[in-house]
Amino acid sequence: MAKADTRTYDTLTNQDTNPFNNDANKLSPTIDEEETPQSSGLVIHVVPETSKARWNHIEDLDSFFNRLYCYHQKHGFYVMMLQKVFELFQFMFVVVLITYMINCIDYSVLFNEKDDPHKVKLSDAMLAPAECAAALGGLDWLVLVLAGLFWIFRLFKFLCHLVQFWDIKLFFNTALKIEDSDLDNLTWHEVQKKIREVQSEIQMSINKEQLTELDIYHRILRFKNYMVAMMNKSLLPSTIQLPFLGTVVCLSQALRYNIGLILFWGPWSPFENNWHLREEFKRSSNRIELANKLANQIFWVAVANLILSPFIFLCQLMYFFFNYVDLIKKEPGTLGMRCWSQYGKLHLRHFNELDHELDARLTRAYRPAVKYMNSFSSPLVIVIARNVAFVCGGVASLIFLLAVYDEDVFQVQHVFTIFTVLGAASVISRSMIPDENMIWCPEQLLRNVLAHVHYLPASWRGYAHTSTVRDQFEQFFQLKAMYIMNELFSPFVAPFVLLFVLKPKALDLVDFFRHFTIDVVGVGDVCSFAQLDVRKHGNPDWQVTNSAIEKDSNEAINTPVIENNQYTQGEHGKTELSLVHFTLTNPTWQMPPEARHFVQGIKRHALQDLNRQRGILYGGVPPTMTNPMTQSLLSMESLGDQYQSIIHPILQTHHLSNSQQLGLSLNLGGFGTPPPISLPAGVAPHLQQSNVQSHYQYNSPPSFDFERMLQQNLTDGSTVAPLRSTFLHDINENDGDENGGGGMEGAAGVAGGSQLYSSSQAAGQGLGDPRTTMSFSTRGGMSRREGPAEGSRNGLLSSLYGENVGSQAPSHEVTQADMCLSTLYLHELHHNHMRRRGGSLRTEAAQRQQWQRPHQQQSPSVVFSGSGHVSGSGAAATTSSSTSAAERTPLLGGKKS
């Protein structure tokens, strides 16, 4: 063990301190994170218990922590091993069944093609074992031998897992003092806390006395963070253009497996082991040679995939048949349900986000995403579906009536088959016909999706009603049928994607590893984006600057100074939102100064926005631009009653009632009677009159917002805590009969699907802290929850509650609402920042898309200046004006007919 420990220490510490120091524009590849303090004098070494000593100085902590996480999420040793035993049995069962059905059944007897007057028995159609063995040909024996070898390989893999996870079981039971029966009662955050406590006693890592939350996340998500960063910088293949089909998603599980094999864990990958990038990839002098070598490896992997594609396709086909055919037979509408694509899961993932955390977010976004996609309908498809349903349903009904009269109708050859096919076609066709009485607001629905998924292009704002945005969002949120087809034919697609999409980017991939790999003491080489450094990888368009905060404050704020360019910054606010998410799911993490200043700056700016809103209401201050916090709170309320119960106390704390906010945002432009503004006692009468006049003077744009007009007309403004409009309630009601909320792949039971029971009345009457008095029901158990079970006090909501924060810890669901509000607020700040600069979000998106095209991408050594936004020109001003008008007026979807 000592030899292994020395090797680990050398790997993590003896690195080239500056392998590309000739280029001053590159990022520094090394970082010392929380070095172990060097004590002087007496050193006391605590000897661990004998039962725990076996886990001292673990060489491969990445694999060990991954097994710990997998063990916790998959409910313990016996559940995991039983599942693997059944997987072995299923493989053997499928091979034997298919072989028997092909070679050992006399179908002429089974289908009674010999006109035998006697009743055919199943035993008559089954061949004897000797006849069956004689019927096997050479190809059949080859397939059986290959399948047998593969099954033996899986058996050895199972035995290895048996030994490894038995060790993990002992670690949980002995070192962590957690029994398997308690796994589902503990969140991963609690398990992680125990791991950190055990580290100080038995020193699993030899290079750090204490492990931070970020250290553990780095080891579990080392390669996934690289994948997220590459997708964020448009280096990974996601979509391709096909004739007659347009843009289709090409990223599949098979393609992701091949990319991981090439870049991370294959024998010739850039990584020497799980924690160390090969030294030659850290030197710029070898970039051309390494790119050619990587391109050659991609070529041979693609060739191997092409050779094996027929066999892989057959395995995929059998897997599809045994998993979906029975389900489709019982519920044909299953193929019309939707799920998140592999591209969507990778694009929407945060840095340092575990699998169960991602699944929880996407599960919460499932229903609003379904409603958004259902708000679109094609008249051509509707006409075809109605007629197909009419014809198929009519014929199937006639067959059914005849069968009622005489059941022998089904004995006629192929009648039952025709009846089944026509019935399924009728059901599928009717599912394509929308409800004529439903009215949708695509803009509001897309904002509800954004609150949970956190990443949607800013250029979509104001264009949610267009088919272009709908088609682009469908790349994230596919039909189940398209998802299955993509996975089924991925063995034939993946080789060509590797050859013609990934191979030309070999040089960009080599440069990416060199620029964005840093050595963290005690962890090894990690993706620098995963450090959540807003100073090096932050986007200026997504951050609150000193001037923006100090404009309304007399105190100086130390916000991080951006030291990056367009090549090194995260796109779509990835770094900033990932940092906020990590601080909420890990509230005890000690943030670096830059991260702490960024988070504090957001909270301070949010409070100033609310103070500015009070000035507009009571002091006659003219509004110069949409208030980001007000818009974010309104969007939060539209998420549903459970979120209203959280938002109402904030409005009351800052003397802003819901009706006042709605009055500020109506923008009716003289349409109808202005809603009354109730001012608190103590405000002078002349200020009341001037405030009302100034309010409507500065809030009368040339066009009115129809959706907000509905809010006013359908809301009772006389109540203390007015209800939101039934229109928005219909958008967000959690009716259990709509798709069951569970069509998402592998996430139907996560805690993200938990429902909050509304306590808005209690909140409105001040009956305690609404963050702790709500009752909840959770699906999936505590093990699927994000962050700590008791929630976090470090978020934006806690700062907005002010003095109303109770002594009791906030609930877990409030932490989810906190992330939703932070997401909406950062997007509003980004939107206002772009408007203030006079640029257009769609112009920005077009420029970034042009920069990210493979054939036009600049050399990584080039330093991009500025953010590339067009401002000042007449064309840009015109575009910005039209875009702003569209964003002020989310279009209301017409009747679905």
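In this text the structure is predicted, and so the values were computed from the model without any measurement.

Caption draft 1: Molecular detail of the pattern of salt bridges. With the rule as written, the count across this model stands at 25 salt bridges. One salt bridge in this structure joins E571 and K233, with 3.2 Å as the shortest N-O distance. Here E571 is found in the loop between helix 24 (546-550) and helix 25 (574-585), whereas its partner K233 is found in the loop between helix 10 (222-232) and strand 2 (239-242), with 338 residues between them in sequence. The exposure classification of E571 matches that of K233, with both residues buried. For R447, the salt bridge is made with E828, and the minimal N-O distance between the two is 3.1 Å.

Caption draft 2: Here's a closer look at the UniProt feature "transmembrane region" (unreviewed entry) in the chain. Mapped onto this numbering, the UniProt entry annotates "transmembrane region" (unreviewed entry) at residues 88-110, 133-153, 298-322, 380-405 and 483-502. Helix makes up 87% of residues 88-110 and strand 0%, with an end-to-end C-alpha separation of 31 Å.

Caption draft 3: A nonpolar patch on the surface, seen in detail. Among the surface-exposed residues, L139, L142, V143, V145, L146, L149, I152, F156, L159, L162 and V163 lie close enough to one another that they form a single nonpolar patch of about 1000 Å² accessible area. Note on L159: relative accessible area 39%, which makes it partly exposed.

Caption draft 4: Region of interest: the environment of P270. On the secondary structure map, P270 appears in the loop between helix 11 (253-265) and strand 4 (271-273). Judged by its relative accessible area of 0%, P270 is buried. A C-alpha to C-alpha distance of 8.5 Å links P270 and L294, two positions 24 residues apart in sequence. The contact partners of P270, leaving out residues within four places of it in the chain, are I262, L263, L277, R278, F281 and F513.

Caption draft 5: Geometry of the nonpolar core. Within the largest apolar cluster, 146 residues are counted, with the highest numbers of intra-cluster contacts made by F64, F65, F171, W188, W340 and F473. Among the elements that make up this core, the one with the highest residue count is helix 36 (residues 812-836) (nine residues). Residues within four places of F473 in sequence aside, it is in contact with W340, A369, Y372, M373, L446, V449, L456 and W460.

Caption draft 6: Broad picture of empty space enclosed by the protein. Under the criterion given, the structure shown has twelve cavities of 30 Å³ or more. Roughly 180 Å³ of internal volume is contained in the second largest cavity. In this structure, the second largest cavity is lined by 13 residues; those nearest its centre are R447, L450, P457, R461 and H827. Looking at the lining of the second largest cavity, the elements with two or more residues in it are helix 18 (442-453) and helix 36. Tallying contributions element by element places helix 18 first for the lining of the second largest cavity, with four residues. Here the lining of the second largest cavity is built from residues that sort into seven nonpolar, three polar and three charged.

Basis of the calculations
- Residues numbered from 1 in each chain as written.
- Predicted model: local features only at pLDDT ≥ 70, side-chain atom pairs only at ≥ 80, totals over all residues.
- Heavy atoms only, no water.
- Salt bridge = Lys/Arg side-chain N within 4 Å of Asp/Glu carboxyl O.
- Helix = DSSP H or I, 4+ residues; strand = E, 2+ residues; numbered from the N terminus.
- Buried < 20%, exposed > 50% of the residue type's maximum accessible area, 1.4 Å probe, protein only.
- UniProt positions renumbered as here; feature names shortened; annotations may be inferred.
- Patch = residues over 30% accessible without salt bridge, like charges linked within 9 Å, V, L, I, M, F, W, Y side chains within 5 Å.
- Areas by Shrake-Rupley, 256 points an atom, 1.4 Å probe, with all protein chains shown as cover.
- Contact = heavy atoms within 4.5 Å.
- Core = buried A, V, L, I, M, F, W, Y, C linked by side-chain atoms within 4.5 Å.
- 1 Å grid on protein atoms, 1.4 Å probe; cavity = no way out; pocket = protein on both sides within 12 Å on 5 of 7 lines; lining within 4 Å.
- Points joined across faces, edges and corners; volume = space filled by probe spheres on them.
- Nonpolar A, V, L, I, M, F, W, Y, C, P; charged D, E, K, R; others polar.

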